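Residue strings, one per chain:
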Amino acid sequence: MNIRASGIAAVVAVFLAGNTGNAQGRLNVVTSTEDLASIASEVGGDKVSVTALAKGYQDPHFVDPKPSFILAVNRADLYIAVGRDLEIGWLPPLVTSSRNAKIQPGGQGYLDASLNVRILEIPTGQITRAMGDVHPFGNPHYWLEPGNGRLMAQAIRNKLSELSPADKAYFSQRYDDFDRRLATAEKRWDAAMAPYKGTKVVTYHRSWPNFMERFGLEVIGYVEPKPGIPPSPAHTIDLIDEMKRGGIKLIVVEPYFSLKTPQAIASQVPGGKVLVLAPSVGGVKQATDFIQLFEYNIGLLAGALKQVTGR
Amino acid sequence: MQVQTRVLLRALMAVVLFGRVAAASAQTADPQALRQEIEQLRKELAEVQRQYGDRLTALEARLVASAPSVVPAAPGESIPQPQVTSGASKVFNPDIAVIGNFLGAAGRNTVNPSPALEMPESEVSFQAIVDPYARADFFMSFGEEGVGVEEGFLTFPAIPGGLLVKVGKMRAAFGKLNTLHSHVVPWTDRPLVTDNLVGGEEGISDAGVSVARLITNPWIFLEATGQVYRGDSADVFYSSTPGDLSYVGHLRGYQDLSDDTNVDLGVSFARGHNASGVVDDVDAGRFATDLWGIDATVRWRPLQQANYRTFLGRSELVWSRRDQPGGVQSAFGYYVSGDYQFARRWLAGARYDRSDRAADEGVRDSGHSLLLTYRPSEFNQIRGQYRRIKYGEGPKANELLFQVLFAIGAHGAHPF
């Protein structure tokens, strides 16, 4: 009888193992990208431990839903997603196999960071895949705008306070601090970019509408003929012509795309230059957090613009 | 649009105004009269502008009322959930996709010839979240023999105890290949070991219940799956009484070797009754089949170049022990395959496969294939396969197989 009871206890223990909370009382936060992880750390401080699934230097549209990610998501108290269908190809199977009731869609521990930010390029009218990999809910690269970073931080602050009400004041104070540092940095970035307002550039993918609009640059074309469609010779020739006509010299590329076509285009355009910017925290070594991401990109961009515009 | 209309209107009025002033100045040279005329015109213009302004405002109001417009919000404002083209009635519709699989074959095969051109199956999927506790996935196959439920199951993702429970008709968790739909296998066909030992195209696929659990440990990802089925699966299992269930067990271990490389290992077991003892619809023999399998996968995908370079190497070994009237037949089969993506849209692959026949261990087929795949986009792919098979009875087959796969709609992501 005793043996059977202890046997049952052992089985129950095995079945319950791994579902115990975090020993340090920290909230376990898992995010889709390093940008979200950085903001969550800014707000959560030492009350949270944060894990990002996708690396900043990989294409966030195409991430393998590895079983090791299932383990991370399984332990999450809070999952923060970029949303707008960015993770449509990899997050749903992870969430379904996570065995974690908290982070199922609609659960208290699932936060879509895109719900109260400024989204650009929301398509209206009929959309089809003839347009390429168009995102029906608008451009998901919205985090590349400091103002949106602030709104994401607010959403995270509110969610963390909801999950851990005792630390509400702590999260608020951390948010205020982040907000202040971001505002100071924004003044610096605005000053650095002010001379180049209205300059026209080309980007590889539609990753930069929020970034370019915020800092006053105009994107007039893309290396991709359509979102997600690799460069075609005809489109490349058109783009070279357009750049020559408009005196456009700068091509901005994400680190996960081949530089071959952009470099070929730049070599055909007088003064043409290819610039690899970091689309996410962790995209390059220097982009260690959300503020450093912009610091790095603005520094590089302002330098390149100075060179190509001569201003 | 509205702004444009206004600008146009103003321009038009300016032209009219200029024309009338010019005409007036030609008639009278009196500055006083001119001034009066201009004053009069100014009043008329203001009146016209006011009238048009009112009309435009009314029109705008009607437009706003009739269409749910998506107005970009100013920074700092929160914006509502986007309303795309679909009306409210479509909101709860499941994700629907159709995947077409068109095949062509040329060459010689006397044992198992393929039609020159065929559309063996089109898969229609319906996927949605059922309620806060479950999601459902349906995959219907529309083939030349009619319509069938390839899979249709309910998943409970959040059951206490860390369990993942599925109920319905499913492809069994026996190895890797058996769980995959035709449109995600890296070939135009399935290897000989699948055809001979694991039920061919249909595979071990049946109505049943599946329970999977993560075995948490400090080292690797480990998942154990147990499944119970009705007991009818292609030519593998046959159920003559309701008690003739079949059972499938799978243990999967996974480990990241680095951010770019990982290994996936699995051990599988399946057991059920077979049809070899059935005489005049009565299962006189009560014979059973046991299957054992080992699967191993190595993946390499350098994260920064993930769109351009990948490698997937995979092998599955299957042992079949089939009890039948003539005695037990112990057959063995395996395949080894590798697929390398060498450009954004191109993959090259090779496969070697060999298998005894389940009902006749003495007959061994072997084959090898070379493949080239072109993917214009995620939703469309064209594949060519050169295949040589040496059948156990002696004949050799030499074939070129073609495949066009195309998908429309919203198809859920596949498990890794």
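Each value, and the rule that gives it
- Residues numbered from 1 in each chain as written.
- Chains lettered and ligands numbered in written order.
- Predicted model: local features only at pLDDT ≥ 70, side-chain atom pairs only at ≥ 80, totals over all residues.
- Helix = DSSP H or I, 4+ residues; strand = E, 2+ residues; numbered from the N terminus.
- Buried ≥ 20, exposed ≤ 12 C-beta atoms within 10 Å, placed from the backbone.
- Contact = placed C-beta atoms within 7 Å.
- Nonpolar A, V, L, I, M, F, W, Y, C, P; charged D, E, K, R; others polar.
- Axes fitted to C-alpha atoms, helices over the stretch in contact; angles between N-to-C directions.
- Parallel < 35°, antiparallel > 145°, perpendicular 65-115°, else oblique.
- Left-handed = near helix turned anticlockwise from the far one by under 90°.
- Pairing = 2+ DSSP bridges.

1. Thoughts on the overall build of chain B
And then number 1: A count of helices and strands for chain B gives 3 helices and 18 strands.
And then number 2: Within chain B, buried positions represent 27% of all 416 residues.
And then number 3: A fraction of 53% describes how many contacts in chain B between residues 6 or more apart in sequence connect residues 24 or more apart.

2. Notes on the interface of chain B and chain A
And then number 1: Contact with chain B, which involves 39 residues of that partner, is made by 48 residues of chain A.
And then number 2: No other element matches strand 4 (residues 146-159) of chain B, which puts 3 residues into the side of chain B that touches chain A.
And then number 3: Partitioning the side of chain B that touches chain A into residue classes produces 22 nonpolar, 11 polar and 6 charged.

3. Brief notes about the packing of helix 8 (residues 233-246) of chain A against helix 9 (residues 260-268) of chain A
Residue and element names in this part refer to chain A.
And then number 1: The contact between helix 8 and helix 9 brings their axes to 9 Å, and the two run at 40 degrees. When the axis of helix 8 is compared with that of helix 9, the two are oblique. The handedness of the crossing between helix 8 and helix 9 is right-handed. Contacts between helix 8 and helix 9 involve Thr236, Leu239 and Ile240 from the former and Thr261, Ile265 and Gln268 from the latter.
And then number 2: Tallied by class, the residues present in the contact of helix 8 with helix 9 amount to 3 nonpolar, 3 polar and no charged.

4. What about the pairing of strand 9 (residues 261-273) of chain B?
All names here are of chain B.
And then number 1: As paired strands, strand 8 (residues 246-256) and strand 9 are joined by 10 bridges and run antiparallel to one another. Each residue of the ladder has a partner; that of Gln255, found in strand 9, is Val263.
And then number 2: Where strand 8 hands over to strand 9, the hairpin turn is made up of 4 residues, counted between the paired strands.

5. Here's the deal with the environment of Leu117(B)
Residues and elements named next belong to chain B.
And then number 1: For Leu117, the location among the structural elements is in strand 2 (residues 117-131).
And then number 2: For Leu117, a count of 11 C-beta atoms within 10 Å gives the class exposed.
And then number 3: Remark: the alpha-carbon pair of Leu117 and Ala106, spanning 11 residues in sequence, is separated by 9.1 Å.

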